[in-house]
Amino acid sequence: MAKDPVCGMDVKEGEAAGTSIYRGKTYYFCAPGCKKKFDEHPEVYIKSDESEIEEDEEGESSAEESSEAETQKFQEQRLERIDLPIVGMSCASCASTIQRGLSGLKGVSKANVNFATSKATVLFEPQLVKPEDFISSVKKSGYEVGTASLEIPIQGMECASCVQAIEKALQRTNGVVRASVNLATGKAKVVYLPSETSFAELKKSIESTGYKVLEVSSKEEVEDVERIIREKEYKKLKIKFLVGAVLGLIIFLGSTRQWFPWVPALLSDYFVLWAIATPVQFWIGWQFYRGAWGSFKHRNADMNTLIAVGTSAAYLYSVAATLVPSFFEKGGIRPEVYFDTSALIIVLILLGKLLEARAKGQTSEAIKKLMGLQAKTARVIRNGKEQDIPVEEVLVGDFVLVRPGEKIPVDGVVEEGKSAVDESMITGESIPVKKEPGDEVIGVTINKTGSFKFKATKVGKDTALAQIIKLVQDAQGSKAPIQRLADVISGYFVPIVISIALATFVIWFNFGPSPVLTFALLNFVAVMIVACPCALGLATPTAVMVGTGKGAEKGILIKGGESLEMAHKLNTIVFDKTGTLTKGEPEVTDIITANSSSEEEVLKFTASAEKASEHPLGEAIIKRANERRLVLDEPKDFKAIEGQGIEATVDGKSVLVGNLKLMNERKIDVGDLKRQAEELAGEGKTPIYVSLNGKISGLIAVADTLKENSIQAVKRLKNLGLKVVMLTGDNQKTAEAIARKAGIDRVLSEVLPEDKVHEIKRLQSKGMKVAMVGDGINDAPALAQADVGIAIGSGTDVAMEASDITLIKGDLNGVVSAIGLSKKTIRVIKQNLFWAFFYNTLGIPIAAGVLYPVFGVLLNPIFASAAMAFSSVSVVSNSLRLRRAKL
Amino acid sequence: MLSRLIVTLSGMLLVVLVNWYFFFSKRRSTSAQIRQTGIQEVKIMVKGGYDPDVIVVKKGIPVRLNFYRDETADCSDTIVFGDFNVRKPLPAFQTTSVEFTPEKEGEYVFTCGMGMLRGKLIVR
């Protein structure tokens, strides 16, 4: 094994990409690029090689000679120090766990974990242990190290050896945890500690190896490059089309001089026509030849094949008729030319392609818009200082500042400050949402009114936006079952069309009217040109792309073509109750007073007493008191009475809050309130008695209430002809009370969470196509069992595995919109497929001339090309209609 | 009469030839190389088709297919692996990687956005 002197890679002598002899020694190279570099300046590589060895030897000998103190100093110099940001530490004992783990690693001389700064400082010998080991050690202790990752595009990498050189350089850089370079994509992927290094330093170390770093291109910028190429291409096509249109018109006029006598006779000369038609055929139509040849080599056939063969047939026939008319005359045929046919076909199809390219670009607009939303920088607080950093370097746990009008860079939870946030780009909700400490904020949404500070909880590929983009991309890549037939057909389409065209030629030649050759040729060309495989291939994917993109804009994420197709067949919608139909958290619904106490008094004393309790019903009462801006007192002598209620002293009064049992035990006469309490219970509410100083003073009812739009959504679903069912673990009475309010007449109550799946199965066994709507947390199995699982999301949790459709916003009207969208999309797909099949099955036989014997109708190849161009454009345009669909 | 016979026979011959060439002729297949990283990689040139267009990979090992699109013709601007829910744009003159792990043996077709250009992934 030899070593490549340029990059240092091991090369087998027999497999070397090149060799060079320098100063009598043979050197082997892994790639021609390395050999070229070596041959230009061999002294650079050989010299540096030798001097390196010398240096090493010097280092060793000096170490031997030095005194002990110096050795220690030397060793200390060899120690490296690294600061690791730790995520997820909640107590000081976590710090010691991590510290123990780190100190136990071989090669670690000292480890110190500081709970307050959330940092681990490690002194280590880089020869024995690597930063990567620290990270796995921290992970083993149950915590995470805050790392960031970056993809850096590198220019000029030619061989595998470059990869190694760059990887080594990066790994030597302080703060880099992992670096891997991919030759194929031309990118280095670096996992690093943002507290230790920065993009600028990474760039420096890559460039030290002699390669150039392209400006960090986010996805967006790659898209931009693509867009520029596309636009250039589009412009070129446009110029070609315009030139072709002028030339085509001249040829057309020259070929039909009998209709336009004012056209100069020169133009109808065959040689002149030939001269004008040739650039159209081979310059403007070159892309068809290139495409046809490319796929022919791969034993594929596509639209280009049909156009290239079809137009060439017309063109070559005309050339023959121009050059050797005598040959045709001998056979009793008038030598005619069809330069107008070949040229106009090319021009018309080019026009079709232009329109199609423009329309196709629009089908993926929704996802491009989503990708473009990403914020570029974030203002974080590190070491007590505000600093602007690239969004890729934001870590989980970072505190991020957002001012009015700014984009929120990543997902997180508000810590300080209040504001309203425009979340329309993610949820489709147009009204800004109020944010207070404790509320979730979603990355890329826009802060409207106030400044606030939030703690980052999800960054990079975990953010809601990244998840949404991934979901939509997956959906757009998936196939709808409805497409299967079209897929099978398009695989065989072109060769079969060529076969039909050949058969057409033979039949017209043998049995057709005279001149047989003319008819045979024109009909052959017409069949080739009229066939439109594109319409078939574009029918479903374009509609799925536009449909899922439209959904994403409205906060409806559809998993794929299959879900889309299933959703339009649904006839039953099952709603989970808690958290889906209802808000999922109890709220005060009624306050009834007795013994001349006021509502405010009852609420104030109860809420004050409940301040010491942690019961969810108590929280609901405190919330209502806060809403009414009541000033609460601190409770004294608080006591919780298991299963009955609480008691406390507030502002000198003894307060008793609880159920009837508690009141009875304390011998408190509840009087008429008992009847009212029973009534409230009948409505599915929980009544709570309140007594002050031993006298009953009121009743507070608490219940989980319906979401504002549940009633409307249920009504709209019923109007669509769907059966609506409610599924809940509540007792029948409560369940029915809620269902009545929501307008649902079928209730499945007292269903244990694990039995939800069976209820869905039961409905399905009755032949129903069932959608289950739930929050996706405890009803995941039921969502998966249903024909379509619809998960209602909240905030940043968009990655819901079990569901087919995810609604980002909690609004149930999303269910109606999702079903409406799927119906509309499937309708468009059906229209497209019908059109594509209808068009081809009708167009090909007509072009072949089946109508000729009876009606004398033939399809002129020029009209065939116009029909074909129109056909694929119409399919894409039909799909684009979905963008304007009302949901 | 003779000309009719010639046309008929050559027409039939062409039909047979076209169908043989596109459907039945044998294709060259390429096996993926397993790299040190534990990923099996193949570089595929995209120009009017896929080269190689029959790729053999092993089951259960992550696959990375590096598509280099060497043209701007828009037929090949998207790569679709329907069975793996992959639909990716292939920017012109760039390498785009498609990664997934095949878990089941079988033959999977990959196509361009419109299903005209095709290749086959054989999982063994």
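Computed from a prediction, not measured in an experiment: that's the story for all the values here.

Rules used throughout
Residues numbered from 1 in each chain as written. Chains lettered and ligands numbered in written order. Predicted model: local features only at pLDDT ≥ 70, side-chain atom pairs only at ≥ 80, totals over all residues. Heavy atoms only, no water. Helix = DSSP H or I, 4+ residues; strand = E, 2+ residues; numbered from the N terminus. Buried < 20%, exposed > 50% of the residue type's maximum accessible area, 1.4 Å probe, protein only. Contact = heavy atoms within 4.5 Å. Areas by Shrake-Rupley, 256 points an atom, 1.4 Å probe, with all protein chains shown as cover. Expected span 1.5 Å × (residues − 1). Bend = angle between axes of the 7 residues up to and from the residue. Phe/Tyr/Trp six-rings, centres within 6.5 Å; stacked < 30°, edge-to-face > 60°. Buried area = accessible area lost by both parts, 1.4 Å probe. Salt bridge = Lys/Arg side-chain N within 4 Å of Asp/Glu carboxyl O. Polar contact = N/O pair within 3.5 Å; in protein donor to acceptor, adjacent residues only side chain to side chain. Patch = residues over 30% accessible without salt bridge, like charges linked within 9 Å, V, L, I, M, F, W, Y side chains within 5 Å. Pairing = 2+ DSSP bridges. Axes fitted to C-alpha atoms, helices over the stretch in contact; angles between N-to-C directions. pLDDT = per-residue confidence, 0-100. Core = buried A, V, L, I, M, F, W, Y, C linked by side-chain atoms within 4.5 Å.

1. Overview of the overall build of chain A
Point 1. Along chain A, the regular secondary structure elements total 32 helices and 34 strands.
Point 2. Relative to its 887 residues, chain A shows a buried fraction of 49%.
Point 3. For chain A, restricting intrachain contacts to residue pairs at least 6 apart in sequence, the fraction spanning at least 24 positions comes to 66%.
Point 4. With the model as given, the accessible surface of chain A reaches about 42000 Å², and the carbon-plus-sulfur share is 54%.

2. Digging into helix H17 (residues 484-511) of chain A
Point 1. With 28 residues, H17(A) extends 38 Å between its outermost C-alpha atoms, agreeing within 8% with the 40 Å of an ideal straight helix rising 1.5 Å per residue.
Point 2. Roughly 50° is the biggest bend found in H17(A), and it falls at A:Phe493, with proline A:Pro495 one to four residues downstream.

3. Quick word on the packing of aromatic side chains
All names here are of chain A.
Point 1. Per the stated rule, a full pass over the model turns up 34 aromatic pairs over all chains.
Point 2. Relative to Tyr839, the ring of Trp835 has its centre 5.8 Å away and its plane inclined at 35°; by these criteria the two rings are tilted. Note that Trp835 and Tyr839 are positioned in helix H30 (residues 813-848) at a spacing of four residues, about one turn of the helix.
Point 3. Under the relative-accessibility criterion, Trp835 is labelled partly exposed at 26%.

4. Let's talk about the interface of chain A and chain B
One widely used convention gives an interface's size as the accessible area the parts lose upon coming together.
Point 1. Residue-level contacts link 46 residues of chain A with 45 residues of chain B.
Point 2. Carbon and sulfur atoms supply 58% of the area that chain A and chain B bury against each other, a total of about 4100 Å² over both sides.
Point 3. When the buried surface of chain A facing chain B is broken down by residue, A:His298, A:Arg299 and A:Asn300 rank first, second and third, together holding 17% of it.
Point 4. Summed over the shared surface of chain A and chain B, the number is zero salt bridges.
Point 5. Taken together, chain A and chain B are joined by four residue pairs in polar contact (both at pLDDT 80 or more).
Point 6. Those elements that place two or more of their residues in the side of chain A that touches chain B are helix H8 (219-255), helix H10 (286-297), helix H13 (339-363), helix H16 (464-477), H17 and helix H19 (533-553) of chain A.

5. What to know about a nonpolar patch on the surface
Point 1. Residues B:Leu2, B:Leu5, B:Ile6, B:Leu9 and B:Met12 make up a contiguous nonpolar surface patch of about 540 Å² in total accessible area.
Point 2. On the secondary structure map, B:Ile6 appears in helix H1 (residues 2-24).

6. What about the sheet that holds strand E7 (residues 78-81) of chain B?
Residue and element names in this part refer to chain B.
Point 1. Here we have six strands laid out as an open sheet, ordered E1-E5-E11-E10-E7-E8, and mixed in their pairing. What marks the edges here is a single partner per strand, and that holds for strand E1 (29-31) and strand E8 (86-89). For this sheet, the mean angle separating the axes of adjacent strands, direction not counted, is 20°.
Point 2. One ladder, built from three bridges, connects E1 with strand E5 (residues 54-57); its direction is parallel.

7. Observations regarding the confidence of the model for chain A
Residues and elements named next belong to chain A.
Point 1. When pLDDT is averaged across chain A, the result is 83; 91% of the residues are at 70 or more.
Point 2. Of all secondary-structure elements in chain A, the lowest mean pLDDT belongs to helix H2 (residues 42-65), at 48, while helix H9 (residues 270-284) reaches the highest, 94.
Point 3. Throughout residues 48-66 the model reports pLDDT below 50, and contacts reaching past four residues in sequence, or to other chains, amount to two contacts.
Point 4. Scored below 50 in pLDDT, residues 217-222 shows eight contacts in the model against residues more than four places distant or in partner chains.

8. Structural notes on the environment of A:Leu102
All names here are of chain A.
Point 1. Mapped onto the elements, Leu102 comes out in helix H4 (residues 92-103).
Point 2. For Leu102 and Ser141, which are 39 residues apart along the polypeptide, the C-alpha to C-alpha distance reads 9.4 Å.
Point 3. Setting aside residues no more than four positions away along its own chain, Leu102 makes contact with Val108, Ala111, Val113, Ala120, Val122, Phe134, Ser137 and Val138.

9. Quick look at the sheet that holds strand E32 (residues 770-774) of chain A
All names here are of chain A.
Point 1. The seven strands lie next to each other as E22-E34-E33-E32-E23-E30-E31, forming an open sheet whose pairing is mixed. Strands at the two margins of the open sheet, each flanked by one partner only, are strand E22 (556-558) and strand E31 (746-748). If you compare each strand with its neighbour and ignore which way they point, the axes differ by 20° on average.
Point 2. In the packing of helix H28 (residues 756-765) onto the sheet, contacts are made with strand E23 (572-576), strand E30 (723-727), E31 and E32, and the angle to E32 comes to roughly 155°.
Point 3. Contacting E22, E23, E32, strand E33 (788-792) and strand E34 (805-807), H30 crosses the sheet at an angle of about 45° to E22.

10. Here's the deal with the pattern of salt bridges
Residue and element names in this part refer to chain A.
Point 1. Applying the stated criterion across every chain yields a total of 31 salt bridges over all chains.
Point 2. The salt bridge involving Glu708 is made with Lys583; its shortest N-O contact spans 3.8 Å. You can see Glu708 sitting in the loop between strand E29 (695-706) and helix H26 (710-719) and its partner Lys583 sitting in strand E24 (residues 582-593), a full 125 residues away along the chain.
Point 3. Since its relative accessible area comes to 32%, Lys583 is described here as partly exposed.
Point 4. The partner of Glu759 in a salt bridge is Arg762, and the shortest N-O contact between them spans 3.3 Å.

11. Focus: the nonpolar core
Point 1. Counting 144 residues, the largest nonpolar core has A:Phe575, B:Leu65, B:Phe67, B:Phe81 and B:Leu121 as the members making the most contacts within it.
Point 2. Per-element tally for this core: the top contributor is H30(A), with 14 residues.
Point 3. B:Leu121 has contacts with B:Ile55, B:Val57, B:Leu65, B:Phe81, B:Phe84, B:Phe100, B:Gly106, B:Glu107, B:Tyr108 and B:Phe110, leaving out every residue within four places of it along the chain.
Point 4. A:Val588, A:Leu603, A:Ile688 and A:Val690 belong to the second-largest nonpolar core, a separate cluster that totals 23 residues.

12. Thoughts on the side chain of B:Glu41
Residue and element names in this part refer to chain B.
Point 1. Turning to its location among the elements, Glu41 is positioned in strand E3 (residues 40-46).
Point 2. Overall, Glu41 belongs to the buried group, its relative accessible area being 12%.
Point 3. At 2.8 Å, the side chain of Glu41 forms a polar contact with the side chain of Asn66.
Point 4. Among residues more than four places away in sequence, those in contact with Glu41 are Ala32, Gln33, Arg35, Arg64 and Asn66.

13. Re the environment of A:Lys554
Residue and element names in this part refer to chain A.
Point 1. For Lys554, the location among the structural elements is in the loop between H19 and E22.
Point 2. Classification of Lys554 as partly exposed rests on a relative accessible area of 41%.
Point 3. For the pair Lys554 and Gly428, spaced 126 residues apart in the sequence, the C-alpha separation amounts to 4.3 Å.

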